[in-house]
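Here is what each chain is made of, one letter per residue.
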Amino acid sequence: MIATSEYELLREAAGLVDRSDRAKFLVRGGEAAEFLQGQVSNDVEALEPGTGCYAVILNHKGKLRTDLRVLRGEDFFWLDTEAIGHAVIAHMLRTYALGRDVQWEDLSASRALVSVVGPAARELFEGPEHSFEERDGRMYVATALGVDVIGEPGLGLDFETVTEEAAECLRIESGRPRLGFDMDAETMPQEAGINERAVSFTKGCYVGQETVARLHYRGKPNRHLRGLRLTEPAERGTEVLLGEKVVGRLGSVCVSPRMGPIALALVRREAEPGDTVTVAGAEAEVVALPFDRD
């Protein structure tokens with residue numbers, strides 16, 4: 001159960017969550033921008049120093065291998081992702097950077113990363129999402145819900161630590177899918193609702209581009225990321241039924257102190273916002289994301 005006091009702290013001030021387990025890489029070299037441009041879904045070459053973007057790495061069928069954040073500095077690129085995406089990025093760098101003017105370091109174990117979540121996080125840095133600045137040997141990166149701080153271990157920030165569950169509740173309310181929870185190796189970006197944030201349809205070629213572009217311009221995804229307002233709490237992985245048909249499974253779940261039990265789920269397109277579905281024997285309403293759109 002999420003403590004109401006932690007939730008209110010994140011909504012009204014700010015709290016700190018240690019996310020140092022994220023995979024973290026530093027990439028340099030004269031061909032670094034061109035190299036990354038051909039590997040990820042977003043337009044890396046268009047980034048100015050001090051800015052960044054969200055992107056994905058796909059397989060040849062246009063399905064997700066991992067997502068990642070890309071930040072561009074004056075002479076470097078910073079990449080970070082969920083811990084489960086470490087192997088994908090490491091393999092990409094180790095395999096496809098060979099013979100190019102690209103140098104990289106795996107800093108996953110040697111750099112700390114904490115998320116300061118809440119409106120007071122803007123005291124650290126103010127800017128659009130993925131913009132950042134370097135000072136005192138740290139990077140301060142604007143996020144959708146606050147600011148990430150990256151640097152040597154022992155950052156010593158003056159914010160109260162909160163549980164991962166409390167911070168995750170705000171992410172779920174905002175409708176942002178998470179790798180390993182709401183999207184996986186069988187998910188296409190459009191299904192997860194991340195095309196607008198993660199995919200450029202005007203840049204050059206990258207693995208999976210043709211399939212993603214064809215679905216975007218000509219097709220209709222079989223599934224969509226939706227919100228579910230539950231009448232009873234349920235576990236991740238629980239089936240979602242429309243009538244007697246299984247149309248999906250729960251991804252991220254929480255009991256929001258403000259909204260009650262809610263979840264994200266990839267559900268088949270016949271389950272539309274406003275429909276009533278069944279989850280663990282109880283009724284639930286399918287809703288468009290984000291939950292707090294009103």
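It should be noted that the structure appears before, not after, this text.
Residues numbered from 1 in each chain as written. Predicted model: local features only at pLDDT ≥ 70, side-chain atom pairs only at ≥ 80, totals over all residues. Heavy atoms only, no water.

Visitor: Whenever I open this one, the nonpolar core confuses me. Can you help?
Guide: In this structure, L68, V70, F77, L79, I89 and M92 are the most contacted members of the largest nonpolar core, which totals 24 residues. Within the residue set of this core, elements represented by two or more residues are β2 (23-28), α2 (32-37), β3 (51-58), β4 (64-72), β5 (77-81) and α3 (86-96). The leading source of residues in this core is α3, at five residues. Not counting residues up to four positions away in its chain, the partners in contact with I89 are F25, I57, T66, L68, L79 and T81. (Core = buried A, V, L, I, M, F, W, Y, C linked by side-chain atoms within 4.5 Å. Buried < 20%, exposed > 50% of the residue type's maximum accessible area, 1.4 Å probe, protein only. Helix = DSSP H or I, 4+ residues; strand = E, 2+ residues; numbered from the N terminus. Contact = heavy atoms within 4.5 Å.)

Visitor: Explanation requested: the packing of aromatic side chains in the structure shown.
Guide: For any pair of aromatic rings, the description rests on two quantities: the centre-to-centre distance and the angle between the ring planes. One pass over the structure, following the stated rule, counts three aromatic pairs. Ring geometry for F25 and W104: centres 6.2 Å apart, planes at 50 degrees, overall tilted. Linking F25 in strand β2 with W104 in strand β6 (residues 103-106), this pair joins segments that are 79 residues apart in sequence. Judged by its relative accessible area of 29%, W104 falls in the partly exposed class. Judged by centre distance (5.7 Å) and plane angle (70 degrees), the rings of F201 and Y217 are edge-to-face. Here F201, found in the loop between α5 (195-198) and α6 (209-218), pairs with Y217, found in helix α6; they are 16 residues apart in sequence, far enough to count as distant. We note R135 situated over the ring of Y140; from NZ or CZ to the ring centre the distance is 3.8 Å. Positioned over the ring face of Y54 is R197, at 4.4 Å from the centre of the ring. (Phe/Tyr/Trp six-rings, centres within 6.5 Å; stacked < 30°, edge-to-face > 60°. Lys NZ or Arg CZ within 6 Å of the ring centre and 35° of its normal.)

Visitor: Just checking my understanding: could you explain the side chain of S115 for this structure?
Guide: Along the polypeptide, S115 turns up in strand β7 (residues 112-117). Within the local environment of S115, its side chain forms a polar contact with the side chain of R19, the two groups lying 2.9 Å apart. Engagement of the side chain of S115 in a polar contact is seen with the side chain of D148, the distance being 2.7 Å. Excluding residues that lie within four positions of it along the chain, S115 makes contacts with G15, L16, V17, R19, V147 and D148. (Polar contact = N/O pair within 3.5 Å; in protein donor to acceptor, adjacent residues only side chain to side chain.)

Visitor: Where do I start with helix α1 (residues 4-12) in this structure?
Guide: Note: α-helices contain 3.6 residues per turn, so residues at a spacing of three or four share the same orientation. By the burial criterion, the buried members of α1 are E6, Y7, L9 and L10. End-on, the buried residues of α1 take up no more than an arc of 160 degrees, which puts them together on one face. Opposite the buried face of α1, by more than 90 degrees, sit the exposed residues S5 and E12. Buried positions along α1 lie against β1 (15-18), β7, α4 (164-174) and β13 (245-256). (Arc of directions from axis to C-beta.)

Visitor: What's the story with the pattern of salt bridges in this structure? I'm lost.
Guide: Where charged atoms from two side chains of opposite charge come close, those side chains can pair. Under the criterion given, the structure shown has 24 salt bridges. Here R214 and E210 are joined by a salt bridge, their closest N and O atoms 3.6 Å apart. On the criterion of helical spacing, the pair formed by R214 and E210 is a turn pair, its members being four residues apart in helix α6. By relative accessible area, which is 41% here, R214 ends up partly exposed. (Salt bridge = Lys/Arg side-chain N within 4 Å of Asp/Glu carboxyl O.)

Visitor: What am I meant to see in the environment of T95 here?
Guide: One can find T95 in helix α3. Engagement of the side chain of T95 in a polar contact is seen with the backbone oxygen of H91, the distance being 2.9 Å.

Visitor: Even after reading the chapter, I still don't get the sheet that holds β2, so can you show me in this structure?
Guide: Within a sheet, adjacent strands bond to each other through the backbone by hydrogen bonds, running parallel or antiparallel. Reading across the sheet, the five strands line up as β3-β4-β5-β2-β6 and stay open at both edges, with antiparallel pairing between neighbours. Looking at strand neighbours, the two that pair on one side only are β3 and β6, the edges of this open sheet. Here the average twist between neighbouring strands, direction ignored, is 25 degrees. Note that β2 and β6 share four bridges and pair antiparallel. The residue of β6 that forms the bridge with R28 is Q103. (Pairing = 2+ DSSP bridges. Axes fitted to C-alpha atoms, helices over the stretch in contact; angles between N-to-C directions.)

Visitor: What is the right way to look at unusual backbone geometry in this model?
Guide: Outside of glycine, negative phi angles account for most residues, and trans bonds account for most peptide bonds. The omega torsion across L289 and P290 is 0 degrees, close enough to zero to call that bond cis. Looking at the element boundaries, P290 is found in the segment after β16 (282-287). One non-glycine residue, H130, lies in positive phi territory at about 80 degrees. Within the secondary structure, H130 is located in the loop between β7 and β8 (132-135). Phi at A280 takes a positive value of approximately 55 degrees, unusual for a residue other than glycine.

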